[in-house]
Amino acid sequence: MPALHLLFLACLVWGMGARTAQFRKANDRSGRCQYTFTVASPNESSCPREDQAMSAIQDLQRDSSIQHADLESTKARVRSLESLLHQMTLGRVTGTQEAQEGLQGQLGALRRERDQLETQTRDLEVAYNNLLQDKSALEEEKRQLEQENEDLARRLESSSEEVARLRRGQCPSTQYPSQDMLPGSREVSQWNLDTLAFQELKSELTEVPASQILKENPSGRPRSKEGDKGCGALVWVGEPVTLRTAETIAGKYGVWMRDPKPTHPYTQESTWRIDTVGTEIRQVFEYSQISQFEQGYPSKVHVLPRALESTGAVVYAGSLYFQGAESRTVVRYELDTETVKAEKEIPGAGYHGQFPYAWGGYTDIDLAVDESGLWVIYSTEEAKGAIVLSKLNPANLELERTWETNIRKQSVANAFVICGVLYTVSSYSSAHATVNFAYDTKTGTSKTLTIPFTNRYKYSSMIDYNPLERKLFAWDNFNMVTYDIKLLEM
């Protein structure tokens, strides 16, 4: 049987080769026997020229590699068939059954492979259909965003025209109450409050010079002496005095403060500073003396147990009060013992960019101190972005009383409290800004002002009042500055 098989294979190979090749045996000129094997080109009618020789050789090499691979595959299949035939010859019935089982196993494997390929094909078709649906959804969303962008552009153009008209003095006629008092948001609602520039423009159109206030109150006198406990209305802000400049980019904006009600071991000179650029703000630099602060040599560095957010922190009665990062929680941290004494959520307060000041910086919750104690400045959804002012218990942070103003928080650059009156600053970047609004918590009324305020370095990110020194503390574009002020006795 094996001889018969070999004869069959030899005939098969010879039959295939005879169609394309010739074999010749002859003596050469020296009389030596020489074998010659000639193959006709399947696709060339004549031999290539010399400049085409290399290309032809490469084509032949590729064809040879392909034929070699096919031949090896054929050999492998022939060997497999020979092995099965041999087993069938030796084992007869048993061999035949084993061969059938082997063939059935191979057939089952091929079927499983086919099923897997079909499953993969279906999965790919489903994924492709999903991608087409996602593409359609994205195109629709893009179209909607483009439409919204066009609407916003039209609204911006309309607002710009409104601002230009107001600057030209073409304002609607209205009657103002005596002394320019605005009893509440209802009277202001006749103006277009959706325009962020409205309040600053209105303050420019209704100037109330400090000299006029002094004339209307002949019995009063400005109070500027440090330590003077008498309260009064703000009538003048001096030029900024620079005490320190931050060394790194982390000091682009921040907060610095002194305790207006110092407790042991701290004094009136004790100073604290926080650089608020970056994430996970926890370091608080403490300086025992003003000279240390001015030279940049902290006596201690506090690491807060939780990160704070933005530039709204204050120090009062030995404790640091700050807003916890990404929350509406106010934290009281006792500096001497380095422990958290109280935490309190401000009900409904916006946070992390919901209702910041005009310059941004997550300034949604801003703490302040005046002669009467601790305050928090914020806004809520219910107030629709208007400033809400609450008096806080400094021990447990409970809200003692709350006022809702008619001043939009995102239209002003910053705010501070003096003698129970909330004051706002018109711009954080204009060199010649103004203290443009005042809200009196005693009467629940607001009025416009035009008290000059200088942003010397054109990026004021923090403005706070220190009632002990009767000064404004500010952080203006890396620089820590103070402003002298004058109050008109009430």
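Looking at an unreviewed UniProt entry, the protein carries the name Myocilin, with the source organism given as Mus spicilegus.

(A) Here's a closer look at the side chain of N466. Inspection of the secondary structure assignment puts N466 in strand 23 (residues 460–466). Of the polar contacts made by the side chain of N466, one reaches the backbone nitrogen of E469; its length is 3.0 Å. Ignoring anything within four residues of it in the chain, the contact list for N466 reads R258, P260, K471 and F473.

(B) Representation of the sheet that holds strand 8 (residues 271–275) within the structure. Overall, antiparallel pairing links the four strands, which are arranged 7-8-9-10 in an open sheet. In this open sheet, the two strands that pair with only one neighbour each are strand 7 (254–258) and strand 10 (300–308). Shown here is a sheet whose adjacent strand axes are inclined to one another by a mean of 20 degrees, direction ignored. Bridge count for strand 8 against strand 9 (residues 281–287) is three bridges, and the pairing is antiparallel. Each bridged residue has a counterpart across the sheet, and for T271 the counterpart in strand 9 is Y287.

(C) View of the environment of Q410. Within the fold, Q410 resides in the loop between strand 18 (399–408) and strand 19 (414–418). Of the residues examined, Q410 reaches a relative accessible area of 34% and is grouped as partly exposed. Counting along the chain gives 23 residues from Q410 to I387, while the straight-line C-alpha distance between them is 8.8 Å.

(D) Spatial organisation of the packing of aromatic side chains. Under the criterion given, the structure shown has ten aromatic pairs. For the pair W256 and F293, a centre-to-centre distance of 5.1 Å together with 15 degrees between the ring planes defines the contact as stacked. In this pair, W256 sits in strand 7 while F293 sits in helix 6 (residues 290–295), placing the two residues 37 residues apart along the sequence. Given a relative accessible area of 0%, F293 falls into the buried group.

(E) Spatial organisation of the pattern of salt bridges. With the rule as written, the count across this model stands at 14 salt bridges. Between R282 and E280 there is a salt bridge, with its nearest N and O atoms 3.0 Å apart. Owing to a relative accessible area of 55%, E280 belongs among the exposed residues under this scheme. The closest approach of N and O atoms between E343 and R306, which form a salt bridge, is 3.4 Å.

(F) Broad picture of the state of the cysteines. Per the stated rule, a full pass over the model turns up one disulfide. The disulfide bridge from C231 ends at C419, spanning 2.3 Å between sulfur atoms. Sign of the S-S torsion, about -95 degrees for the bond between C231 and C419, identifies this disulfide as left-handed. You can see C231 sitting in the loop between strand 4 (222–223) and strand 5 (232–237) and its partner C419 sitting in the loop between strand 19 and strand 20 (421–425), a full 188 residues away along the chain. Classification of C231 by relative accessible area gives partly exposed; the value is 30%. Using a relative accessible area of 6% as the deciding quantity, one classes C419 as buried.

(G) The arrangement of the nonpolar core in detail. Core analysis: the biggest nonpolar cluster contains 26 residues, and W256, I274, L320 and F322 have the highest contact counts within it. Per-element tally for this core: the top contributor is strand 9, with four residues. Other than its neighbours up to four places away in sequence, L320 contacts M257, V284, L304, A313, V314, V315, V331, R332, Y333 and L335. The next biggest cluster of nonpolar side chains, apart from the first, holds 22 residues, and it includes L234, V237, I418 and V425.

(H) Region of the structure containing the sheet that holds strand 11 (residues 314–316). In spatial order, the strands read 11-12-13-14; together these four strands make up an open sheet with antiparallel pairing. Two strands lie at the open edges of the sheet, namely strand 11 and strand 14 (339–345), each paired on one side alone. Averaged over all pairs of adjacent strands, the angle between their axes in this sheet comes to 25 degrees, without regard to strand direction.

Scoring rules and cut-offs
- Residues numbered from 1 in each chain as written.
- Predicted model: local features only at pLDDT ≥ 70, side-chain atom pairs only at ≥ 80, totals over all residues.
- Heavy atoms only, no water.
- Helix = DSSP H or I, 4+ residues; strand = E, 2+ residues; numbered from the N terminus.
- Polar contact = N/O pair within 3.5 Å; in protein donor to acceptor, adjacent residues only side chain to side chain.
- Contact = heavy atoms within 4.5 Å.
- Pairing = 2+ DSSP bridges.
- Axes fitted to C-alpha atoms, helices over the stretch in contact; angles between N-to-C directions.
- Buried < 20%, exposed > 50% of the residue type's maximum accessible area, 1.4 Å probe, protein only.
- Phe/Tyr/Trp six-rings, centres within 6.5 Å; stacked < 30°, edge-to-face > 60°.
- Salt bridge = Lys/Arg side-chain N within 4 Å of Asp/Glu carboxyl O.
- Disulfide = S-S within 2.5 Å.
- Core = buried A, V, L, I, M, F, W, Y, C linked by side-chain atoms within 4.5 Å.

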